[in-house]
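Observations on the model geometry
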Amino acid sequence: MNFDNLRQFLPDEAVLLSEESRRVYECDALSAHRVIPGCVVLPDSVEQVQAVLRYCHANDIPVVARGAGTGLSGGAMPHAEGVLLILAKFDQIIEIDAKQRIARVQPGVRNLAISDAVKSHDLYYAPDPSSQIACTIGGNVAENSGGVHCLKYGLTVHNILQLKIITIEGDLLTIGSHALDSPGYDLLALFTGSEGMLGVIIEVTVKLLPKPPYSRVLLAAFDDIEKAGNSVAGIIANGIIPAGLEMMDKAGVRAVEDYIHAGYPVEAEAILLCELDGTEDEVLVTIDKVETLLKEYGAIEVRVARDENESLQFWAGRKAAFPAVGRIAPDYYCMDGTIPRKHIAEVLSKINILSEKYELAVVNVFHAGDGNLHPLILYDVAIPGELKRAEAFGSDILKLCVSIGGTITGEHGVGVEKINEMCVQFSEDELQQFHEVKAAFDKKGLLNPGKAVPTLNRCAEFGAMHVHKGHDKFPDLERF
Amino acid sequence: MEQKIITIKEQIETAIEQRENLKIVGGNSKSFLGRDIVGSKIDMSDYTGVISYEPTELYISVKAGTLLSDVNKVLSEKNQILAFEPAEVNEKTTIGGVVATGLSGPRRPYAGSVRDFVLGISCINGLAKNMSFGGQVMKNVAGYDLSRLLTGSYGSLAVIYDVTFKVLPIPEFESSGCKQTSRQEALETMSELSVKSFPVSAACYYDGLLSVRFSGNKKVVKDSMQNFSLQEMDNSEQFWSELRNFKLPFFNSEKPIWRLSVPSSSNIGFEKDDYVIDWGGAQYWLASERPANEIFSLAEGFGGSALLFHGGDRSGDVFQPLSKGIFKLQQNLKQAFDPYRILNREKMYKTL
Ligand SMILES: Cc1cc2nc3c(=O)[nH]c(=O)nc-3n(C[C@H](O)[C@H](O)[C@H](O)COP(=O)(O)OP(=O)(O)OC[C@H]3O[C@@H](n4cnc5c(N)ncnc54)[C@H](O)[C@@H]3O)c2cc1C
């Protein structure tokens, strides 16, 4: 393929053709999957993006959009014969309207940069993925990213109002509006989480929230993971929706303690972090309630942060969990299934059995409040066969999630990583419907080909049977 | 598969063969909405019941024909609610109609909309394919978010037969207050309410009166009422339920009733026409004889859209006309779900 022609639309330095410069972008944060892109472009105007897309559409060239490349499912993995379209130069906040509580931003703006920019108005952007220093808002919309505070404040889909997108034909369209709803089918919801398959996001209007005047974190330790799981359900059953509700198992606590000494109780089987926010009066009353509840559910220790600083210290351990695990193993593989909360204990014990079967250690940190698990499978890519074993282990965890009524991905997306497990979660008719929806936007299938939705042939090859959501147990898993 | 699902599939298969249109009906309580259409009936009203409800998992799954009043009752027994506050237009309102029309009540700007709370949908598309999307868990990004796409699609993409919602606890305490004021001042107060962390859960301006509802911690609610010098309303339950259920005296107007969804900063003044402002300034109800085109361009001028809610000419445009590019995508999506254009054909737009 001759990519030189792209220099008609872009300055020379914005079209990377040498292998050396292309190799920089061979993967996202799922580094096990690498492909050197055919060509890399770094446009900085809407017209340039339109021109690139029109050219690719006319010449049947695949296009993969990329934000910061922090995705964990290979969504931004390049195409060998295609163009990798990097949106990082679109890093401007176009407009902040504090009165209407919205900000209009370009897709390459980093998640945290939005909250930083509106701080002086006492506002913030709620979805807070752990990668928020680096990941872009365009990537967040494409993945419908979540974060620690999504239990109370919702995911990306709940916190955006309008998108400007460019179709594969190069047309600039506005989806949604600055009103609360818009006529016609809800394209805004459809676009959110569509993994760069339907169009290129070129502008996002986000909703901003007033900063809660007061917040506090509680830390509870349990000698039994089941009790920790039950207390999560207990808090919610009592009508309390915390701002964040996170859990970590013993292996996680140990890794974190060795790394940053957050002061977590290392003898505990599990710890729970619960953040409450609102006005001071409200939070103080609720803290008492939650403390009592946690003890009733068998917490061996409950600590209430004395001040803002201690709250931050409690969080510091959770936020450092991934790098902490990075220190105890050469590689780790982060899974992302979501399950009904009531099955937390059962699933964790099954994961431990799988861990023995595959002879790979696993650390569990997760968004307990919404049942979103992040088992981190530890392996060493240098040891032949370990990566394959880690992937098989991961796949079994995802099937387990589907079999008890959950899903294979809560926030990281399908990408290339979980494409086979899509065959387990969805029937042929459902997958076919996804393909029809894709065709409604991209008839030639040029945007991010091979991602997010498997072909029916691929499912036949993978040989997985569709597990009917939570009704049948996955037969393979009955053995342990 | 339940017998009802088999029957619907058969109805669709027959309709494909005979090139016949199908009209999906729940309780018929909102039959005044959308464009006038013809077709043989798919009746959902006999497909009822709660499939599963787990208060601690914060979800409820129900069959589409279930009465909204029954769902509300089941939830209130466990101190929970559908936070988007859907309208019970009359005692026959079904949950399927709530989802298909996607209309949310007064709490919407502060709690979220119908689609924000839809977690999963089971449906049959225009090719008689039975499918489920989403599920019962809060976080789920496997595949395109088709359950949210189907919400508000007026039955024109698929027959929705089971729905799962996220539910929330009933606020611990609620109190409402009002004051006589000008439109200008009412809108300013509404704006102030949402820029700061006040626990507001509804804000409406009607007949010279600003009404605000606060929900949450008792002390915080009481302090907020004082902060805005609002007088406690004695008929608040009735007022919010009349607003939610389109039962305020305003809705008895002989004139066509329009709903405008606009940015909350719009501040639209109507000299001659009756109106109600809801959603803290982001939704206007307007009773007006003005021609449809005029109202559509008015809404568009403010960056919003209009819907001919009740009365008027229901053979013309009822929903805000869309730009060419967006409309093309709507047609493509119709094609993706219902290529023979069997389901609620022309309900939203003449060519869908
Ligand atoms: C340490 C770490 C912690 C993380 N924690 C979280 C977490 O807590 N919650 C969470 O949800 N995720 C988390 N992630 C995953 C990741 O950060 C998110 O998925 C993020 O939204 C990706 O943003 P990005 O800009 O890096 O996108 P990329 O990785 O560049 O792209 C992701 C996908 O979006 C598409 N895309 C990107 N930009 C556009 C655009 N403008 N238009 C159309 N499509 C586009 C790409 O094609 C790709 O499919 C974490 C990742 C890491 C490495």
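Bear in mind the structure is a predicted one, so any value in this text is a computation, not a measurement. (Residues numbered from 1 in each chain as written. Chains lettered and ligands numbered in written order. Predicted model: local features only at pLDDT ≥ 70, side-chain atom pairs only at ≥ 80, totals over all residues. Heavy atoms only, no water.)

1. Section: the site of the ligand
Residue and element names in this part refer to chain A. Among the 33 residues in the neighbourhood of the ligand, the closest are listed as Ala65, Gly67, Thr70, Ser131 and Thr136. At 2.8 Å from an oxygen atom of the ligand is found a main-chain nitrogen or oxygen belonging to Gly71. In this structure, Ser131 approaches the ligand through a side-chain N or O atom, which is 2.6 Å from an oxygen atom. In isolation the ligand offers 980 Å² of accessible surface; the protein chains occlude 94% of this area. Elements represented by at least two residues in the shell around the ligand include exactly β3 (63–66), α4 (137–143) and β10 (200–207). Classifying every residue of the shell around the ligand by side-chain character gives twelve nonpolar, 17 polar and four charged. (Near = heavy atom within 4 Å. Polar contact = N/O pair within 3.5 Å; in protein donor to acceptor, adjacent residues only side chain to side chain. Areas by Shrake-Rupley, 256 points an atom, 1.4 Å probe, with all protein chains shown as cover. Helix = DSSP H or I, 4+ residues; strand = E, 2+ residues; numbered from the N terminus. Nonpolar A, V, L, I, M, F, W, Y, C, P; charged D, E, K, R; others polar.)

2. Brief notes about the domain arrangement of chain B
The figure often quoted for interface size is the accessible area lost as the parts come together. Residue and element names in this part refer to chain B. The domains assigned to chain B are domain 1 (3–170 + 330–337), domain 2 (172–237) and domain 3 (246–313). Placing the centre of domain 1 and that of domain 3 at their C-alpha centroids yields a distance of 26 Å. Every contact between the two is made by twelve residues of domain 1 and, on the other side, nine residues of domain 3. Between domain 1 and domain 3 lies a buried interface of about 870 Å² when both sides are counted; carbon and sulfur atoms form 69% of it. For the domain 1 face of the interface with domain 3, the top three residues by lost area are Phe32, Val89 and Leu103, together amounting to 43%. One can count zero salt bridges joining domain 1 with domain 3. (Domains from an automatic or database assignment. Contact = heavy atoms within 4.5 Å. Buried area = accessible area lost by both parts, 1.4 Å probe. Salt bridge = Lys/Arg side-chain N within 4 Å of Asp/Glu carboxyl O.)

3. Comments concerning the sheet that holds strand β13 (residues 244–249) of chain A
All names here are of chain A. Strands sit in the order β15-β12-β14-β13-β17-β18-β16 across an open sheet of seven strands; the sheet is antiparallel. Every interior strand has two partners, whereas the edge strands, β15 (301–304) and β16 (331–334), have only one. In this sheet, neighbouring strand axes are inclined to one another by 15 degrees on average, regardless of whether the strands run parallel or antiparallel. Here helix α7 (residues 225–237) sits on the sheet and contacts β12 (214–222), β13 and β14 (270–278); the angle it forms with β13, its principal contact strand, is near 175 degrees. Those strands touched by helix α8 (residues 250–260) are β13, β14 and β17 (362–367), and its axis lies near 90 degrees from that of β13. (Pairing = 2+ DSSP bridges. Axes fitted to C-alpha atoms, helices over the stretch in contact; angles between N-to-C directions.)

4. Focus: the interface of chain A and chain B
On the side of chain B, 67 residues touch chain A, which itself brings 78 residues to the contact. Summing both sides of the interface, chain A and chain B together bury roughly 6,000 Å²; the carbon and sulfur share of this comes to 60%. For chain A, the biggest contributors to the area lost against chain B are Leu180(A), Tyr185(A) and Gln433(A); these three give 14% of the whole. Counting across the chain A and chain B interface gives six salt bridges. Glu54(B) is paired through a salt bridge with Lys342(A); the nearest N and O atoms lie 2.6 Å apart. Among the elements that line the side of chain A that touches chain B, the one with the most residues is helix α15 (residues 428–441) of chain A, at nine residues. Partitioning the side of chain A that touches chain B into residue classes produces 36 nonpolar, 23 polar and 19 charged.

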